[in-house]
Amino acid sequence: MPDRPPPLPGYQLHQPTEADAVGALHRVFGAERAAERWVAACRAAGLVPGMVFGAPQLEQVVKALSTQGGATATVARSIEIRMRTYARLASQATLMAGGQR
């Protein structure tokens, strides 16, 4: 697994990873049921569990998770919100670092 980049300055927010998504599922469903949901979503997205790297791949799996409905879709939505929040804050941080606003 690649090293995790440092958190966004001022926010202490890391880019969401596969481990974060699986952890969110685990907190809701427990280890076994979380793993079942994650494996199913990875397969539906055409990816291999444990090998989901970067935002584009994570987005694919999150979309697949959302199709499972119920609490799984709610977890998927929370991950999606975190991913969008991170992307927006990272974009702003880049602009500010370049002296632009």
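Preceding block: the structure.
For clarity, every value in this text was computed on a predicted model and none was experimentally measured. (Residues numbered from 1 in each chain as written. Predicted model: local features only at pLDDT ≥ 70, side-chain atom pairs only at ≥ 80, totals over all residues. Heavy atoms only, no water.)

Here we look at the packing of helix α2 (residues 31-44) against helix α3 (residues 54-66)
Put simply, the rule reads: A fitted line through C-alpha atoms represents every axis, and for helices the fit uses only the stretch in contact; the resulting angles, taken between N-to-C directions, go from 0 to 180 degrees. The secondary structure listing takes helices from DSSP runs of H or I that are at least 4 residues long and strands from runs of E that are at least 2 residues long, numbered from the N terminus. An angle below 35 degrees is treated as roughly parallel, one above 145 as roughly antiparallel, one from 65 to 115 as roughly perpendicular, and anything else as oblique. In this scheme, a crossing is called left-handed if the near helix is turned counterclockwise away from the far one by less than a right angle; it is called right-handed if the turn is clockwise. Only heavy atoms matter for contacts: two residues are in contact if any of them lie within 4.5 Å across the pair. Polarity classes work like this: nonpolar for Ala, Val, Leu, Ile, Met, Phe, Trp, Tyr, Cys and Pro, charged for Asp, Glu, Lys and Arg, and polar for all others, with Gly in that last group.
Their axes nearest at 8 Å, the elements α2 and α3 cross at an angle of 115°. When the axes of α2 and α3 are compared, the pair comes out roughly perpendicular. The way α2 lies across α3 gives a crossing that is right-handed. Judged by residue contacts, Arg37, Trp38, Ala41, Cys42 and Ala44 of α2 engage Leu58, Val61, Ala64 and Leu65 from α3. Classifying every residue of the contact of α2 with α3 gives eight nonpolar, no polar and one charged.

Overview of α3
This is how it is decided: The span expected for a helix works out to 1.5 Å for each residue beyond the first. Exposure is judged per residue with a 1.4 Å probe applied to protein chains only, and the accessible area is read against the type maximum: over 50% gives exposed, under 20% gives buried, and values in between give partly exposed. Throughout, the arc means the angular range of directions from the helix axis out to the C-beta atoms.
Its 13 residues place the ends of α3 18 Å apart at the C-alpha level, agreeing with the 18 Å of an ideal helix rising 1.5 Å per residue. Along α3, the residues that are buried comprise Leu58, Val61, Val62, Ala64 and Leu65. Looking straight down α3, one finds its buried side chains confined to an arc of 160°; they lie on one side. Of the exposed residues in α3, the ones pointing more than 90 degrees away from its buried face are Pro56 and Lys63. For α3, the elements touching its buried residues are α1 (18-29), α2 and α4 (70-97).

Thoughts on the packing of aromatic side chains
This is how it is decided: In this scheme Phe, Tyr and Trp rings, the latter by its six-membered ring, pair at centre separations within 6.5 Å, and the angle between planes marks the pair as stacked below 30 degrees, edge-to-face above 60, and tilted otherwise. Comment: the charge-over-ring label is applied if NZ (Lys) or CZ (Arg) is within 6 Å of the ring centre and within 35 degrees of the ring normal.
The full count for this structure, using the stated rule, is zero aromatic pairs. Stacked on the ring of Phe29, the Lys or Arg Arg37 has its end atom at 4.1 Å from the ring centre.

Section: the side chain of Glu18
Tracing the chain through its elements places Glu18 in helix α1. Judged by relative accessible area, which is 6%, Glu18 ranks as buried. In contact with Glu18, not counting residues within four places along its chain, are Trp38, Pro49, Gly50, Met51, Val52 and Leu58.

Overview of the pattern of salt bridges
The test is simple: Salt bridges are defined as contacts in which a side-chain nitrogen from Lys or Arg sits within 4 Å of a carboxyl oxygen from Asp or Glu.
Scanning the entire structure with this criterion turns up three salt bridges. For Arg77, the salt bridge goes to Glu80, with nearest N and O atoms at 3.2 Å. In this pair, Arg77 and Glu80 both sit in helix α4, three residues apart, roughly one turn of the helix. Classification of Arg77 as partly exposed rests on a relative accessible area of 42%. For Glu80, a relative accessible area of 25% puts it in the partly exposed group. Measuring nitrogen to oxygen at the nearest pair gives 2.9 Å for the salt bridge that ties Glu80 to Arg84.

A look at the nonpolar core
In plain terms, the rule: Residues grouped as a nonpolar core are buried Ala, Val, Leu, Ile, Met, Phe, Trp, Tyr and Cys residues, joined through side-chain atoms within 4.5 Å.
If you look at the biggest cluster of nonpolar residues, it comprises 20 residues, and the most contacted ones within it are Leu25, Trp38, Val52, Leu58, Val61, Leu65 and Ile79. For this core, the elements supplying multiple residues, two or more each, are α1, α2, α3 and α4. Sorting elements by how many residues they give to this core places α3 first, with five residues. Excluding anything up to four places from it in sequence, Leu25 contacts Gly30, Ala34, Trp38, Leu65, Thr72 and Val75. Leu13, Tyr86, Leu89 and Ala90 belong to the second-largest nonpolar core, a separate cluster that totals five residues.

Keep in mind that these numbers describe shape and distance, not what the molecule does.
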